[in-house]
Amino acid sequence: MSDAAEDKGLGDYRPLSYFQLMEVSLRELLVEKGIVTDAQVQATLEDMRARGPEAGARVVARAWTDPGFKARLLENGTRACEEFGLDVPALRLVVVENTPQVHNVIVCTLCSCYPRMLLGLPPDWYKSGNYRSRVVREPRAVLAEFGLRVPDHVSLRVHDSTADMRYLVLPMRPAQTAGWGEAQLAQIVTRDCMIGVAVPKVSDSL
Ligand code: FE
């Protein structure tokens, strides 16, 4: 390939997959018909890429400090998130609570469904066939590979997400955080804690 082609980024050329081709076709049709503009599509993509797990962490920290909010969150995650101005239209958000008896972990066995409005884009391992197939069959072993040893007396529940139902794990608040405010608490709530492959550690915030 010539230097000029590489300068233009053409060195990255790969044939489009079936779904990529569908996406491009649909997007170009929507732009052609004047339903959206290219600029709107780009702005939405930038917004999605810029999003991290901060919103989810704020929701968890609020649930840890406000029992009323926690009850509303467990009752109806979608509606409770609206209190944060987080709009999750057409999606049902189900929040599952870790307890001393039960540990929850989420997966999408079919593809990569994920609460993006709360956690940003999913990590590559979440989308991998390896994680999707194994966490269902041998969750304890998979969590151990993440460095999380769940004691035998704790039940493991694996939740399979779908296109219109997303899960978020509400981790247990570490005992050492008594007296902490919401902002400080949010700092120890990582993406992996809300997927269920890790638990909050106080040292993470130091
Ligand atoms: Fe999916």
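The model shown is predicted, which means the values in this text are computed figures rather than measured ones.

1. Section: the overall build of the chain
Stage number 1. Helix and strand counts for the chain stand at 12 helices and 4 strands.
Stage number 2. The dimensions of the chain, computed from C-alpha atoms along their principal axes, are 60 × 35 × 35 Å.
Stage number 3. Taken over 206 residues, the chain has a buried fraction of 38%.
Stage number 4. Approximately 12,200 Å² of the chain is accessible, and the part contributed by carbon and sulfur atoms is 54%.
Stage number 5. Taking the average location of the 24 positive side-chain charges in the chain and that of its 26 negative ones, the two points are 6 Å from each other.

2. Structural notes on the pairing of strand β2 (residues 102-107)
Stage number 1. In terms of residue burial, β2 counts as a mostly covered element, since 6 of its 6 residues are buried.
Stage number 2. Alternating positions in β2 separate into two faces, V102, N104 and I106 on one and H103, V105 and V107 on the other, with burial throughout.
Stage number 3. Here β2 runs beside strand β3 (residues 155-160); their pairing, made up of 6 bridges, is parallel. Note on β3: the bridge partner recorded for N104 is R157.

3. Description of helix α9 (residues 129-137)
Stage number 1. Burial in α9 covers these residues: Y131, R134 and V135. Buried residues of α9 fall within an arc of 100° about the axis and therefore sit on the same side.
Stage number 2. Structurally, α9 contributes buried residues whose contacts are with β2, α8 (124-127), α10 (139-145), β3 and α12 (191-195).

4. Section: the confidence of the model for the chain
Stage number 1. Per-residue confidence for the chain gives a mean pLDDT of 90; residues scoring 70 or more make up 92%.
Stage number 2. Confidence over residues 1-8 falls short of pLDDT 50; this stretch has 6 contacts with residues more than four positions distant or in other chains.

5. A word on the coordination of the iron ion
Stage number 1. Of the protein atoms, only C108 (SG), C111 (SG), C113 (N) and C113 (SG) coordinate the iron ion, at distances of 2.1 to 2.5 Å.
Stage number 2. Around the iron ion, the 4 donor atoms are arranged such that angles at the metal cover 80 to 133°; this shape is classified as irregular.
Stage number 3. When the donors of the iron ion are listed by position in the chain, the intervening gaps give C-x2-C-x1-C.
Stage number 4. Overall, the relative accessible area of 1% leaves C108 in the buried class.

6. Comments concerning the packing of helix α4 (residues 54-65) against helix α5 (residues 67-75)
Stage number 1. Taken N-terminus to C-terminus, the directions of α4 and α5 make an angle of 125°; their axes are 5 Å apart at the nearest point. Regarding the angle of α4 to α5, the classification is oblique. Helix-helix and strand crossings are classified by hand; for α4 and α5 the assignment is left-handed. Within the contact between the two elements, α4 uses V59, R62, A63 and T65 and α5 uses P67, F69, K70 and L73.
Stage number 2. Per-class residue counts for the contact of α4 with α5 are 5 nonpolar, 1 polar and 2 charged.

7. Section: the nonpolar core
Stage number 1. Counting 50 residues, the largest nonpolar core has V59, L73, L118, Y131 and I195 as the members making the most contacts within it.
Stage number 2. Counting residues per element, this core draws most heavily on α4, which supplies 7 residues.

8. Here we look at the packing of aromatic side chains
Geometrically, a pair of aromatic rings is defined through the distance of the ring centres and the angle of the planes.
Stage number 1. A full pass over the atoms with the stated rule returns 8 aromatic pairs.
Stage number 2. Taking 5.1 Å as the distance between ring centres and 80° as the angle between the ring planes, the aromatic pair formed by Y18 and F19 counts as edge-to-face. Exposure class is identical for Y18 and F19. Each is exposed.
Stage number 3. Ring plane angle 65° and centroid distance 5.4 Å describe the contact between F69 and F84, whose orientation is recorded as edge-to-face. Pair noted here: F69 is in helix α5 and F84 is in the loop between α6 (77-82) and β1 (92-97), with a separation of 15 residues, a long-range link. Each member of the pair, F69 as well as F84, is classed as buried.
Stage number 4. Among the aromatic residues, those joined into a ring-pair cluster are Y114, W125, Y126, Y131 and F146.

9. Thoughts on the pattern of salt bridges
Stage number 1. Enumeration according to the criterion identifies 10 salt bridges in this entry.
Stage number 2. Among the salt bridges present, the one from R27 reaches E23, with a minimum N-O distance of 2.6 Å. Pair noted here: R27 and E23 are both in helix α2 (residues 18-32), with a separation of 4 residues, about one helical turn.
Stage number 3. Here E23 falls in the partly exposed class, since its relative accessible area comes to 40%.
Stage number 4. A salt bridge links R134 to E145, with the nearest nitrogen and oxygen atoms 2.7 Å apart. With R134 in helix α9 and E145 in helix α10, this pair connects stretches of sequence that are 11 residues apart.

Here is what the cut-offs are and how they apply
Residues numbered from 1 in each chain as written. Predicted model: local features only at pLDDT ≥ 70, side-chain atom pairs only at ≥ 80, totals over all residues. Heavy atoms only, no water. Helix = DSSP H or I, 4+ residues; strand = E, 2+ residues; numbered from the N terminus. Buried < 20%, exposed > 50% of the residue type's maximum accessible area, 1.4 Å probe, protein only. Areas by Shrake-Rupley, 256 points an atom, 1.4 Å probe, with all protein chains shown as cover. Lys, Arg positive; Asp, Glu negative; His and termini not counted. Charge placed at Lys NZ, Arg CZ, Asp CG, Glu CD. Pairing = 2+ DSSP bridges. Arc of directions from axis to C-beta. Contact = heavy atoms within 4.5 Å. pLDDT = per-residue confidence, 0-100. Donors = N, O, S within 2.8 Å, 3.2 Å for Na, K, Ca; no water. Tetrahedral: all angles 85-135°; square planar, octahedral: opposite > 155°, others 65-115°. Axes fitted to C-alpha atoms, helices over the stretch in contact; angles between N-to-C directions. Parallel < 35°, antiparallel > 145°, perpendicular 65-115°, else oblique. Left-handed = near helix turned anticlockwise from the far one by under 90°. Nonpolar A, V, L, I, M, F, W, Y, C, P; charged D, E, K, R; others polar. Core = buried A, V, L, I, M, F, W, Y, C linked by side-chain atoms within 4.5 Å. Phe/Tyr/Trp six-rings, centres within 6.5 Å; stacked < 30°, edge-to-face > 60°. Salt bridge = Lys/Arg side-chain N within 4 Å of Asp/Glu carboxyl O.

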